[in-house]
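Tertiary structure, described
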Number of protein chains: 2
Amino acid sequence: MKQEQVLTVDNMNQRLRRMRYAVRGPVLERALHIEHELEKGVPKPFASVVRANIGDCHALGQKPITFIRQVLAGAACPQLLASPALPQDVRQRVEAILDDCTCRSVGAYSPSAGLWSVRCAAAEWLAARDGAPASAHDIYLGSGATDLIKALLTMFLEDVNGKPSGVMIPIPQYPLFSGALAELGLKQVDYYLDEERGWALDVAELRRALCDASATCRVRALVVINPGNPTGQVLTRENMEEVVRFAHEHRLFLLADEVYQENIIAKPFHSFKKVMYEMGAPYCDMELGSVLTCSKGWAAECGLRAGLLELVRVQPDVVTAYRTARALMQCPTVLGQAALLCVMKPPEPGDASYEQFAAERRDIRRVLRERAATAHRAFNSIPGYSCNAIDGSMFAFPRFEIPERAQRAAHALSIAPDEFYCLRLLEETGVCVVPGSGFGQRPGTYHFRTTILHPRHQLQHMMDSVRRFHANFLHQYSDTTHTDTGC
Amino acid sequence: MKQEQVLTVDNMNQRLRRMRYAVRGPVLERALHIEHELEKGVPKPFASVVRANIGDCHALGQKPITFIRQVLAGAACPQLLASPALPQDVRQRVEAILDDCTCRSVGAYSPSAGLWSVRCAAAEWLAARDGAPASAHDIYLGSGATDLIKALLTMFLEDVNGKPSGVMIPIPQYPLFSGALAELGLKQVDYYLDEERGWALDVAELRRALCDASATCRVRALVVINPGNPTGQVLTRENMEEVVRFAHEHRLFLLADEVYQENIIAKPFHSFKKVMYEMGAPYCDMELGSVLTCSKGWAAECGLRAGLLELVRVQPDVVTAYRTARALMQCPTVLGQAALLCVMKPPEPGDASYEQFAAERRDIRRVLRERAATAHRAFNSIPGYSCNAIDGSMFAFPRFEIPERAQRAAHALSIAPDEFYCLRLLEETGVCVVPGSGFGQRPGTYHFRTTILHPRHQLQHMMDSVRRFHANFLHQYSDTTHTDTGC
């Protein structure tokens, strides 16, 4: 007789059972399956899957920054430093990194918070960005921003007077937040961004959400994603000041996900740190956590897993507990830290690598601007679609109509209408995007998130595919063309 | 007026407040402080701190395996593949890795479970190790074994019939386990290893621990660390069979921390997978999680952060939930995965890199055997010290006596007697080891864990320092030399 399972879906951690992460969810699973089918020669109405589900620039063909990769190669294998293929400033940078590694090996553990030299470079970068003081002691490196955000959210897990802790997150949001809150058992408190006003963050809506949630939980932290993911808006300075005042008034810890701050298309980016600093007391004395990553920005080194948390004005005993929890995980990858150093301290005019670096970075920025304009224009030209301006990030989050018959067809399959739509889009065109329901959206509205950094011809092909698909879809599920027989 | 803190040590997650991780705990903190003092010229009775707190071979001077580092360099910077410095088999390996990376960049995200090619190589390696089938589908890569163990423990967090879940761990244990259980809110159920019998794992003691714990929790999983950390014993096959039968009888999920399986000095290592397979039904149908890492073994690439979990015969819906939780974290570092591939599929006779690789690996194994013998002999030659044989791992965990007066002095400072001892050892000799209380030990016994892979002269210096220190310490705190005035 087969051994009965010890760990079952019924006796496992039920929080994990409820977790969802749409970015790598059912639509991607199906896309991977279709890719296998294509390899096996199964006929499809398209030649290949176009993955547009994840913000991964290198996977879309963006070339790595040469300087970063040369530094990584030299740090991994110092015997190559003798090679004339590595410029002088690369060699110097490698030496600086190895000097900060125990016994000059990237294979030795670093301190849990990261190499001191990287934390110092980050502090200099942040100070220059904000015109405000920054300390290396406040900087914690991690295996990507995800790792750091989850660790910070963990700090808020404490029932106060029998009420669970709650964390406010925007809707739409990046589903790391909903997923991590679900895993940790923190209450998710939604505030809606205003799509009609370019995904604006309305303080009246913050107030509404806080008030509604207060019956069931104690709201302790406020997450702001700026530039927005999946929404791509960049907050104005005035808006940020309102948010800071709100957080202060209600004693909320501000957690700023600012990972797309270097992916700016229109509008200037301001960090919350800078805004709070310039607002003066009492706002400049507030606690703040802000994350950055080398997975985004011009480096876009997702696979290296390196992120940074600046944690300011937090109570020293709280910091000690945070540090212990981090120490348990040993340290972030040292080669990832080396890449982060390159981002925080890129080549400067006069350095041997500068011209090439500057040209590569310029090209990456140009491509982002071009693609954002293309995507925005194309989506708004599809009948039934609308798409807000993309100020920053690397996504579009267009809205579209789904006929009632299609909604009923989705419900019959027990999936969300926009998931139904995205799965149909995938089956018919090979385009793989993420349903808006995975990020959250106003009830009755439908969106998807798509990356926009594909090569020009591929982006155009995607847009044409969506346009044709949508026309067919509307035709197929039009309420007037057929009598509904279902449900 | 200064802003009142929002997040305080009283309203933060109290589980984190209770967490301890002695490996990077107070003794190391003090050691780092002393290092700064030495740099500033503060006089000390020693010239430098000898860090022996963490199992980090590269930090102790072990040279990285050239093949691994050349592969990393080529994968990071493929333009270097043209260099004659990189042998043919390195180039081939790099091509294989890049072929499995989206758009041939290690900067693209990999699948959450890891690159397929690495998972396949791991399955082949495991199958060859055990003479038992292994599937790439059962293999999950992570940012070090730590990451994977914590993720797996998270699965057991569910109160059943109002009783919290408990997990059995050995005492002494590696404090990742106690720390992760504390963070997650799982009940730690201690079973003691038998120091008098070479840290044997006694099934009667497992039974005692399970029985005692049953009143307050539902024990769901059994952790075995083999080779032992900090204890360095290697379980016999017979002993492992008893453990498997116990787990089966009590329906416990077996979690095998086997990260030191390649750090073998005496006695053969058997994996739990192999033992269960060979025991046949019903044992070969039991669930099992086993971890490996490239931080240990001959690679010892701690800083790269790459580990592997083999998760067998787990219910598919449970696996789905596990995969979703992992997907949220995106993926482990791709360069770390590349290093793991080199470990799972090292150069073979006839490959261009083979001779150098084999010589490097041989040297690493020789050093481990030599140092283990030196440490074992030296500790047992110190009056008041005893140390079991070191079968595997890279640690010694000697036991020593602490006079009652010293115990009282420690209590007066509210620290454990062995922490007091280790802090004194650090202050007087510069030797930084981890108190046994950080791993757990039988009440009234005292130990510390020390790494043993230091260069020969440094290990000898450490041993001499401990010998002199212990004699002085006994003299200073001898119950007969002074009348106790304290408390």
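Residues numbered from 1 in each chain as written. Chains lettered and ligands numbered in written order. Predicted model: local features only at pLDDT ≥ 70, side-chain atom pairs only at ≥ 80, totals over all residues. Heavy atoms only, no water.

Moving on, we come to the overall build of chain A. Helix and strand counts for chain A stand at 16 helices and 14 strands. For a compact globule of 487 residues, the expected C-alpha radius of gyration is about 23 Å, and chain A comes in at 24 Å, within 12% of that figure. If you line up chain A on its principal axes, its C-alpha atoms span 75 × 65 × 60 Å. Looking at chain A as a whole, 64% of its 487 residues qualify as buried. Surface accessibility of chain A: about 17,600 Å² in total, with carbon and sulfur atoms responsible for 51%. Of the side-chain charges in chain A, 53 are positive and 54 negative, and the distance between the mean point of each set is 2 Å. (Helix = DSSP H or I, 4+ residues; strand = E, 2+ residues; numbered from the N terminus. Rg over C-alpha atoms; globule rule 2.2 N^0.38 Å. Buried < 20%, exposed > 50% of the residue type's maximum accessible area, 1.4 Å probe, protein only. Areas by Shrake-Rupley, 256 points an atom, 1.4 Å probe, with all protein chains shown as cover. Lys, Arg positive; Asp, Glu negative; His and termini not counted. Charge placed at Lys NZ, Arg CZ, Asp CG, Glu CD.)

This paragraph deals with the sheet that holds strand E2 (residues 139–142) of chain B. Residue and element names in this part refer to chain B. Strand order in the open sheet formed by seven strands is E2-E8-E7-E6-E5-E3-E4, and the pairing between neighbours is mixed. Among the strands making up the open sheet, the edge pair consists of E2 and strand E4 (187–192). Strand-to-strand twist of the sheet, defined as the mean angle between neighbouring strand axes without regard to direction, takes the value 25°. Contacting strand E3 (165–171), E4 and strand E5 (218–225), helix H8 (residues 203–213) crosses the sheet at an angle of about 150° to E4. (Pairing = 2+ DSSP bridges. Axes fitted to C-alpha atoms, helices over the stretch in contact; angles between N-to-C directions. Contact = heavy atoms within 4.5 Å.)

So, on to the interface of chain A and chain B. Often, the extent of an interface is quoted as the loss of accessible area upon association of its parts. On the chain B side, the residues contacting the 98 residues of chain A number 98 residues. Approximately 8,200 Å² of surface area, both sides summed, lies buried where chain A meets chain B, with 58% of it carried by carbon and sulfur atoms. There are one salt bridge connecting chain A and chain B. Across the pair A:Arg251 and B:Glu4 runs a salt bridge whose closest N-O atoms are separated by 4.0 Å. The tally of links from chain A across to chain B stands at 51 residue pairs in polar contact (both at pLDDT 80 or more). For the side of chain A that touches chain B, the secondary-structure elements that each account for two or more residues are helix H1 (14–18), helix H3 (66–76), helix H6 (144–154), helix H7 (176–184), helix H11 (316–328) and helix H12 (334–344) of chain A. Of the residues that constitute the side of chain A that touches chain B, the class distribution is 49 nonpolar, 28 polar and 21 charged. (Buried area = accessible area lost by both parts, 1.4 Å probe. Salt bridge = Lys/Arg side-chain N within 4 Å of Asp/Glu carboxyl O. Polar contact = N/O pair within 3.5 Å; in protein donor to acceptor, adjacent residues only side chain to side chain. Nonpolar A, V, L, I, M, F, W, Y, C, P; charged D, E, K, R; others polar.)

Take the relation of the copies chain A and chain B next. Superposing chain A onto chain B requires a rotation of 180° together with a translation of 0.0 Å along the rotation axis, leaving an RMSD of 0.0 Å. Both chain copies can therefore be described as sitting about a two-fold axis. Residues of chain A ranked by C-alpha distance from the rotation axis are headed by A:Ala73, positioned 1.9 Å from it. Both copies contact each other with a shared surface, as 100% of the interface residues of chain A are interface residues in chain B too. (Least-squares fit on C-alpha atoms with pLDDT ≥ 70 in both.)

This structure, assessed with the given rule, holds 38 aromatic pairs over all chains. Aromatic side chains B:Tyr21 and B:Tyr174 sit 6.2 Å apart centroid to centroid with 80° between the ring planes, which places their arrangement in the edge-to-face category. Here B:Tyr174 lies in the loop between E3 and helix H7 (176–184) and B:Tyr21 lies in the loop between helix H1 (14–18) and helix H2 (26–39), a separation of 153 residues in the sequence. The pair formed by B:Tyr21 and B:Tyr174 is uniform in burial state, with each residue classed as buried. Measuring from centroid to centroid gives 5.1 Å for B:Trp298 and B:Phe357, while their planes differ by 70°, and the two rings are edge-to-face. In this pair, B:Trp298 is assigned in the loop between strand E7 (288–293) and strand E8 (307–312) and B:Phe357 in helix H13 (residues 354–380), connecting sequence segments 59 residues apart. The exposure classification of B:Trp298 matches that of B:Phe357, with both residues buried. Members of the aromatic cluster, joined through ring pairs, are A:Phe379, A:Tyr385, A:Phe400, A:Phe420, A:Tyr421, A:Phe448, A:Phe469, A:Phe473 and A:Tyr477. (Phe/Tyr/Trp six-rings, centres within 6.5 Å; stacked < 30°, edge-to-face > 60°.)

This paragraph deals with unusual backbone geometry. Of note, the bond from A:Ile171 into A:Pro172 is cis; its omega dihedral lies within 30 degrees of zero at 0°. By the element assignment, A:Pro172 lies in the loop between strand E3 (165–171) and H7. Cis peptide bonds are those with omega within 30 degrees of zero, and the linkage from B:Asn229 to B:Pro230 qualifies with 15°. Mapped onto the elements, B:Pro230 comes out in the loop between E5 and helix H9 (237–249). At A:Ala300, a residue that is not glycine, the phi angle is positive and equals roughly 55°. Mapped onto the secondary structure, A:Ala300 falls in the loop between strand E7 (288–293) and strand E8 (307–312). Unlike most non-glycine residues, A:Gln330 shows phi in positive territory, near 70°. One can find A:Gln330 in the loop between H11 and H12.

The next point concerns the packing of helix H5 (residues 116–130) of chain A against H12(A). Residues and elements named next belong to chain A. It is the contact of H5 with H12, at a shortest axis distance of 9 Å, that shows an interaxial angle of 25°. Between H5 and H12, the angle falls in the class roughly parallel. Handedness of the H5/H12 crossing: left-handed. Of the residues in H12, those in contact with Ser117, Val118, Ala121, Ala122 and Trp125 of H5 are Gln337, Leu340, Leu341, Val343 and Met344. Of the residues in the contact of H5 with H12, the class split is eight nonpolar, two polar and no charged. (Parallel < 35°, antiparallel > 145°, perpendicular 65-115°, else oblique. Left-handed = near helix turned anticlockwise from the far one by under 90°.)

As for its placement among the helices and strands, B:Glu419 is situated in helix H15 (residues 417–429). Beyond its immediate chain neighbours, meaning those up to four positions away, B:Glu419 contacts B:Pro26, B:Val27 and B:Pro435.

On to the packing of H6(A) against H7(A). When two helices pack together, their arrangement is captured by the angle between the axes and the distance separating the axes. All names here are of chain A. Between H6 and H7, whose axes approach to 10 Å, the crossing angle comes to 40°. When the axes of H6 and H7 are compared, the pair comes out oblique. Seen from above, H6 lies across H7 with right-handed handedness. Facing H6, whose interface residues are Thr146, Ile149, Lys150, Leu153 and Thr154, H7 presents Leu176, Phe177, Ala180, Leu181, Glu183 and Leu184.

Another point: the UniProt feature "domain: Aminotransferase class I/classII large" (unreviewed entry) in chain A. In the UniProt entry, the feature "domain: Aminotransferase class I/classII large" (unreviewed entry) is given for residues 94–465 of chain A. With 42% helix and 16% strand, residues 94–465 of chain A has its two end C-alpha atoms placed 46 Å apart. (UniProt positions renumbered as here; feature names shortened; annotations may be inferred.)

Once that is clear, we can look at empty space enclosed by the protein. Following the criterion strictly, the structure yields nine cavities of 30 Å³ or more and no others. Of the voids in this model, the largest cavity is the one considered here, and its volume is about 750 Å³. If you go around the largest cavity, you meet 40 residues; those closest to its centre are A:Asp147, A:Lys150, A:Met329, B:Lys150 and B:Met329. At the level of secondary structure, the elements contributing two or more residues to the lining of the largest cavity comprise H6, H7 and H11 of chain A together with H1, helix H6 (144–154), H7 and helix H11 (316–328) of chain B. Partitioned by chemical class, the residues of the lining of the largest cavity number 18 nonpolar, ten polar and twelve charged. (1 Å grid on protein atoms, 1.4 Å probe; cavity = no way out; pocket = protein on both sides within 12 Å on 5 of 7 lines; lining within 4 Å. Points joined across faces, edges and corners; volume = space filled by probe spheres on them.)

Time to look at the pattern of salt bridges. If charged atoms from side chains of opposite charge come close, those side chains can pair. The final tally for this structure, using the stated rule, is 63 salt bridges over all chains. Its salt-bridge partner being A:Arg237, residue A:Glu278 comes within 2.7 Å of it at the nearest N-O pair. Note that A:Glu278 is positioned in helix H10 (residues 272–279) and A:Arg237 in helix H9 (residues 237–249), a separation of 41 residues in sequence. Linking B:Glu195 and B:Arg399 is a salt bridge whose minimum nitrogen-to-oxygen distance equals 3.3 Å. Remark: B:Arg399 occurs in strand E11 (residues 399–400) and B:Glu195 occurs in the loop between E4 and H8; sequence separation between them is 204 residues. Connected via shared salt-bridge partners are A:Arg237, A:Glu241, A:Arg245, A:Lys274 and A:Glu278.

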